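Coordinate analysis (summary)
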There are 2 protein chains.
Amino acid sequence: MTDETPSRRTVRVELGPRSYDILIGSGLLAEAGREIAALLPKARLLIVADERVDDLHGAALRASLDRAGIGHATMRLPSGEPTKSFPHFEAVVDRILEERLERGDAVLAFGGGVIGDLAGFAAGVARRGMRFVQVPTSLLAQVDSSVGGKTGINSPRGKNLVGVFHQPALVLADTDVLETLSAREFAAGYAEVVKYGLIDRPDFFHWLEAKRGAIFAGGPERAEAIAASCQAKAEVVAGDEREDGNRALLNLGHTFGHALESVARYDAERLVHGEAVSIGMALAHRYSVRQGLCPGQDAERAVAHLRAAGLPTRIQEIPGSGFTLDALMSKIAQDKKVVRGALTFILTRGIGQSFVANNVDPAEITRFLEAELAA
Amino acid sequence: MTDETPSRRTVRVELGPRSYDILIGSGLLAEAGREIAALLPKARLLIVADERVDDLHGAALRASLDRAGIGHATMRLPSGEPTKSFPHFEAVVDRILEERLERGDAVLAFGGGVIGDLAGFAAGVARRGMRFVQVPTSLLAQVDSSVGGKTGINSPRGKNLVGVFHQPALVLADTDVLETLSAREFAAGYAEVVKYGLIDRPDFFHWLEAKRGAIFAGGPERAEAIAASCQAKAEVVAGDEREDGNRALLNLGHTFGHALESVARYDAERLVHGEAVSIGMALAHRYSVRQGLCPGQDAERAVAHLRAAGLPTRIQEIPGSGFTLDALMSKIAQDKKVVRGALTFILTRGIGQSFVANNVDPAEITRFLEAELAA
Ligand SMILES: NC(=O)c1ccc[n+]([C@@H]2O[C@H](COP(=O)([O-])OP(=O)(O)OC[C@H]3O[C@@H](n4cnc5c(N)ncnc54)[C@H](O)[C@@H]3O)[C@@H](O)[C@H]2O)c1
Ligand SMILES: NC(=O)c1ccc[n+]([C@@H]2O[C@H](COP(=O)([O-])OP(=O)(O)OC[C@H]3O[C@@H](n4cnc5c(N)ncnc54)[C@H](O)[C@@H]3O)[C@@H](O)[C@H]2O)c1
Ligand SMILES: [Zn+2]
Ligand SMILES: [Zn+2]
């Protein structure tokens, strides 16, 4: 499904009447106007923008929309996870209505996963559903959060607990905008790329081992890695749009990862999501080895690749304190994937051989984490 | 599809995997526990209740749930349209999460359309969609708002502008609880019953002419009228779940009606929704006569039936001032059913022969309303 032009790739997300294209490549921001006009003729746009991203790339986006004769307004929001909250959600919904956007118009999300999740949720509820275009600007958003239609905000009671499934009409992933992303955020997004290999694509993982340098340097391999990631996620989503079944595999590394993020109080100085996922995947592999499910050399190979990408793979690498056994276990038990006492984890039989384990014994996890923390 | 037991009727809303039953009849509140336990075994419930309704009927509902061993908590909210707003929406979502309801649990809406719309919206977004049971207690909610999955709240920028489509798992319409509804609210709900006849069911309209007294008195005809109304709405909804097409016919009387409600500032002392719809339907019929579309005697017959039910049919019957030509026309032009200058109205060729008219000339409507206001 990935086409073969080196500079531009298209991944189609097949969801019947809600199907859409993800365009990936260099120079896409300059072509945003043309692409949007072709898909949504006469639409007016409300751009919901991350302030930092808007400062860096907003002028290029608006120039492209102007050239295509597309009317637009911009709403700028602070960068960072706290923006994914009720007050900003209400403000975005209100702004959509204030701009008098109608059914034929669209909301455009311009930023990382925070903006995509927030703007998508607002678009999903304003007038009971407005069209929505994603222009993801972080690597994490390009390979993960902009694909699949999960939108939402955080509640004081937990992350991502409020939202809707609302598919975009179009996703435009310009690989050039990643040049201004910090090295740390790039590496964090790369953890999710590696995840697709580790879930069920051993060949992709091997290709990443060979091409990691080129991907970080920004060659055509970067667009290829992003397209392959979108393709992997699109296939899972197409098989399970509303997350009732095998979409759970996408949570590889995330049960541990969410517990770590929570103990770190979502302080991005200490730990960002992709770093938590990297540690979580390393833990899932080491736990699988300990349970006799996975050969030790496969776990070592997965961990070595994450380390080579500059990612943490041990709990002790997180700066600051609080990572006690009790704190971690209580967060793990609170996770929404807990069903009546038994824990659900994504475990693995080797590189690219992950599976959903529904009956994980909390006592085993406790002993494992005790050993990890002591090591 | 309506079964033939006089005391209990079931209407099925056919929406593929989102299909559900509406149970209608006497004594249903006492059986709520059994019905819910059969459909959602082990579910815990958060009852979102209209304060007034809860005072009158909450004990009966909870006793029934207790008998069935269903765990429940209750959140009481003030009666009245202002409850359908962002702050209450956030509070209900928060309460759902605080109660730690999970995917197998459910939110139960206990009240009129205000509570159903609000609780349904909150259920639609908490954990990206929780199960939801409607126990509508006003006639309007039993025949209209609890059927079809439209949920939402008002915005300072307009009514019902924020929400989602979220279908209930079950609707329980106990006709006994209507005994405590005020006569005025009962008549207002009856306007929507008449609407189904006037849209496309002339036989139902004739039956209503014959049975109005019994329906108001509370005989078995009441459950029959409610079931027939649900059936009518269910058929429209099944053909157009997301309101892209012929669902528009359900707006008979509503373009005029919304303008009247808005000019009356949604002050329930002056005008409630069903009354506005009654006047709106009368206006739609008289306008259709004036345009040579509808025989005069059909319009007179429709109006006579509404009047006999105690409903207003002329703008001048609304107490208070403000109903100027300018005020009404500016509200009509703001209505979301306006497409590029031309107005959309539901007009009619006679009793039960309504149709969507997309090209109504605003100048004609202006002249018509001028004559109405002068009459
Ligand atoms: N919806 C989903 O399926 C899904 C999946 C995974 C993650 N998420 C969500 O995504 C969020 C994380 O996304 P994220 O990592 O993109 O976070 P983010 O949106 O906070 O972006 C990370 C940082 O990078 C900056 N940034 C983004 N693009 C930039 C660019 N081109 N140049 C310079 N700076 C740039 C932002 O200002 C921000 O400071 C979380 O809230 C997570 O819950 C959602
Ligand atoms: N979702 C839809 O498809 C849809 C369709 C039509 C209307 N609506 C919405 O429904 C709302 C109107 O519904 P409503 O007329 O039921 O209003 P409501 O919920 O305000 O109820 C009307 C009044 O009746 C009282 N009441 C309700 N049941 C009672 C009972 N059994 N005994 C005594 N008092 C009782 C309430 O306390 C309230 O004061 C509006 O917000 C409207 O937008 C939604
Ligand atoms: Zn992730
Ligand atoms: Zn109505």
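Residues numbered from 1 in each chain as written. Chains lettered and ligands numbered in written order. Predicted model: local features only at pLDDT ≥ 70, side-chain atom pairs only at ≥ 80, totals over all residues. Heavy atoms only, no water.

Chain A appears in an unreviewed UniProt entry as 3-dehydroquinate synthase from Aureimonas ureilytica. Here is the UniProt Function (unreviewed entry) comment for chain A, exactly as written: "Catalyzes the conversion of 3-deoxy-D-arabino-heptulosonate 7-phosphate (DAHP) to dehydroquinate (DHQ)." As its UniProt record puts it under Subcellular location (unreviewed entry), chain A is described as follows: "Cytoplasm". (UniProt positions renumbered as here; feature names shortened; annotations may be inferred.)

1. Regarding the sheet that holds strand β4 (residues 72-77) of chain A
All names here are of chain A. Spatially, the seven strands line up as an open sheet ordered β1-β2-β9-β6-β5-β3-β4, and their pairing is mixed. At either margin of the open sheet sits one strand with a lone partner, and together these are β1 (8-13) and β4. When the angles between neighbouring strand axes are averaged without regard to direction, this sheet yields 15°. Pairing of β1 with strand β2 (residues 20-25), which is carried by six bridges, proceeds in the antiparallel orientation. Each bridged residue has a counterpart across the sheet, and for valine 11 the counterpart in β2 is isoleucine 22. (Pairing = 2+ DSSP bridges. Helix = DSSP H or I, 4+ residues; strand = E, 2+ residues; numbered from the N terminus. Axes fitted to C-alpha atoms, helices over the stretch in contact; angles between N-to-C directions.)

2. Some thoughts on the interface of chain B and chain A
Listed as interface residues are 33 residues of chain B and, on the opposing side, 33 residues of chain A. Between chain B and chain A, the buried area comes to about 2,800 Å², and carbon and sulfur atoms account for 51% of it. Of all residues in chain B, Phe86(B), Arg128(B) and Arg157(B) give up the largest surface area on contact with chain A, accounting jointly for 28% of the area buried on that side. The tally of links from chain B across to chain A stands at four salt bridges. Across the pair Glu98(B) and Arg157(A) runs a salt bridge, and its minimum N-O distance is 3.6 Å. Scanning the region where chain B abuts chain A turns up eight residue pairs in polar contact (both at pLDDT 80 or more). Sorting the residues of the side of chain B that touches chain A by element identifies α3 (86-98), α4 (113-125) and β8 (158-162) of chain B as the ones contributing at least two each. A per-element tally of the side of chain B that touches chain A places α3(B) first, with seven residues. Across the side of chain B that touches chain A, the residue classes break down as 12 nonpolar, seven polar and 14 charged. (Contact = heavy atoms within 4.5 Å. Buried area = accessible area lost by both parts, 1.4 Å probe. Salt bridge = Lys/Arg side-chain N within 4 Å of Asp/Glu carboxyl O. Polar contact = N/O pair within 3.5 Å; in protein donor to acceptor, adjacent residues only side chain to side chain. Nonpolar A, V, L, I, M, F, W, Y, C, P; charged D, E, K, R; others polar.)

3. What to know about the site of ligand 2
Residue and element names in this part refer to chain B. Around ligand 2, 24 residues are found, and the nearest of them are Lys84, Gly113, Thr137, Ser138 and Thr180. Within the backbone of lysine 150, a nitrogen or oxygen atom sits 2.9 Å from a nitrogen atom of ligand 2. The side chain of lysine 233 places a nitrogen or oxygen atom 3.4 Å from an oxygen atom of ligand 2. Its free accessible area being 860 Å², ligand 2 has 90% of it covered by the protein chains. Put simply, the parts of the chain that give the shell around ligand 2 at least two residues each are α2 (51-67), α4, α5 (139-145) and β8. In terms of residue class, the shell around ligand 2 is made up of six nonpolar, eight polar and 10 charged. (Near = heavy atom within 4 Å. Areas by Shrake-Rupley, 256 points an atom, 1.4 Å probe, with all protein chains shown as cover.)

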